[in-house]
Amino acid sequence: MNNKLTIPILIIVAIGIGYLIGTRNNPTTSSPSSSHEGGETQAKIPGARHIHALIHDADGNLLLGTHGGLFKSVDKGKTWQKVAVKGSVNADDWMSLVSDPRNRKVIFAGGHDLGVIKSEDNGVTWMRADEGVRGTDIHGLAINQRNPNFLFAYSVGNGVFKSTDGAASWKRMDDGPENPGVRALSYIAVQTSMDKSMGWDNWGILLAGTADGIYQSFSCFCGWTKTTDVFSNTTVYTLTTLHKDLHTIYAGTKDGIWKSADEGRLWKQLGGLKGLKITAIAINPDNSREVTASTEDGVVYRPENGGDSWQQIN
């Protein structure tokens with residue numbers, strides 16, 4: 001080979017090798033955008049695995065239920081610290097969180113091997129609250145916003161249980177939806193046509209997010225029906241309603257967030273988070289326009305412009 005050509009070729013090869021090594025050592029060469037329309041970003045919450053639940057506590061702070069414990073953020077989701085929980089907490093896999101709208105210091109939780117537990121001090125100290133519930137693998141919890149003494153729990157392999165005394169005792173209602181894989185429960189305390197015709201005072205619909213969309217059961221627990229074909233063959237990981245607006249529901253799926261403004265009849269996919277697996281959503285009870293969402297691996301977002309674009313928080 002001509003010596004005059006050898007030196008330039010060696011220089012080009014060396015530059016190429018250097019570029020490949022640099023890229024391998026630093027795969028993210030630019031910082032993530034503040035709004036998201038595409039693939040997953042790299043931000044994580046240290047110690048948190050598989051995020052499943054998100055609520056606001058009595059002080060307006062965020063509580064996050066994960067398979068690595070209970071986490072808290074006092075700066076709207078920018079940073080998180082693991083809560084040093086006390087009391088009857090037998091596991092670290094938190095699947096669901098709900099608070100009493102009359103007093104948000106009262107929080108109920110469920111999870112893998114966690115059973116149903118209750119806190120009266122904003123999530124620090126916990127006590128057993130599952131007398132009558134079979135099993136300890138609780139995938140879903142819901143509370144009746146109109147009458148918070150009524151709670152519902154889904155125990156894997158054991159069905160749906162109901163409490164009418166603030167979780168002091170529970171009674172089994174039914175098996176739950178026939179489709180396996182219930183991921184979340186949510187209650188809408190609106191008066192349905194069936195409630196009116198039967199003269200029931202315990203208004204409402206219990207919704208279940210499953211591996212095949214959303215199913216509903218009236219307060220009579222007389223069977224489960226699929227609410228819509230929008231989520232067919234799609235896992236709904238979380239369902240969130242607001243105590244002050246019982247018509248609005250948010251659903252988190254593997255393809256972002258969907259919203260219904262008519263109690264789950266019609267759904268619209270929100271832009272900005274398409275393609276992301278959203279497993280936890282919280283609505284601020286003090287400001288319904290403040291919605292916080294988390295991916296399964298702990299990337300936290302909040303919407304701008306009514307949900308058309310989302311800003312990454314952490």
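See the structure shown above.
About the criteria used
- Residues numbered from 1 in each chain as written.
- Predicted model: local features only at pLDDT ≥ 70, side-chain atom pairs only at ≥ 80, totals over all residues.
- Heavy atoms only, no water.
- Helix = DSSP H or I, 4+ residues; strand = E, 2+ residues; numbered from the N terminus.
- Buried < 20%, exposed > 50% of the residue type's maximum accessible area, 1.4 Å probe, protein only.
- Contact = heavy atoms within 4.5 Å.
- Pairing = 2+ DSSP bridges.
- Salt bridge = Lys/Arg side-chain N within 4 Å of Asp/Glu carboxyl O.
- Core = buried A, V, L, I, M, F, W, Y, C linked by side-chain atoms within 4.5 Å.

J.: Any details on the environment of Gly275? Residues and values, ideally.
T.: Position of Gly275 among the secondary structure elements: in the loop between strand S21 (268-269) and strand S22 (278-284). You can call Gly275 exposed: its relative accessible area is 54%. Through-space distance from the C-alpha of Gly275 to that of Lys254 is 6.7 Å; in sequence the pair is 21 residues apart. Ignoring anything within four residues of it in the chain, the contact list for Gly275 reads Lys254, Asp255 and Gly256.

J.: Provide a residue-level description of the sheet that holds strand S4 (residues 81-82), including the pertinent values.
T.: Taken together, the 4 strands give an open sheet; going across it, the order is S1-S2-S3-S4, and neighbouring strands pair in antiparallel fashion. The outermost strands of the open sheet, each flanked by one partner alone, are strand S1 (53-56) and S4. Judged from the 2 bridges that link them, strand S3 (residues 69-73) and S4 form a sheet pairing that is antiparallel. Bridge assignment links Lys72 to a residue of S4, and that residue is Gln81.

J.: Lay out unusual backbone geometry with the relevant residues and their values.
T.: Both trends apply: most residues other than glycine have a negative phi, and most peptide bonds are in trans. Of note in the backbone geometry, His50 takes a positive phi value of approximately 50 degrees without being a glycine. Among the secondary structure elements, His50 is positioned in the loop between helix H1 (3-25) and S1. With relative accessibility at 36%, the residue His50 sits in the partly exposed group. Phi at Asn122 takes a positive value of approximately 70 degrees, unusual for a residue other than glycine.

J.: Could you give me a rundown of the pattern of salt bridges, with the residues and numbers involved?
T.: The final tally for this structure, using the stated rule, is 11 salt bridges. Of the charged contacts, one joins Lys226 and Asp212 as a salt bridge, the two residues approaching to 3.1 Å between their closest N and O atoms. With Lys226 in strand S17 (residues 225-226) and Asp212 in the loop between strand S15 (205-210) and strand S16 (213-218), the pair connects residues that are 14 residues apart, well separated along the chain. In this structure, Arg265 engages Glu263 in a salt bridge whose closest nitrogen and oxygen atoms are separated by 3.4 Å.

J.: Tell me about the nonpolar core, and please be specific about residues and values.
T.: In terms of nonpolar packing, the biggest core is built from 26 residues, with Leu185 and Leu206 touching the most fellow members. Those elements giving two or more residues to this core turn out to be strand S11 (151-155), strand S14 (184-188), S15, S16, strand S18 (236-242) and strand S19 (245-253). Sort the elements by how many residues they give to this core and S15 lands first, with 4 residues.

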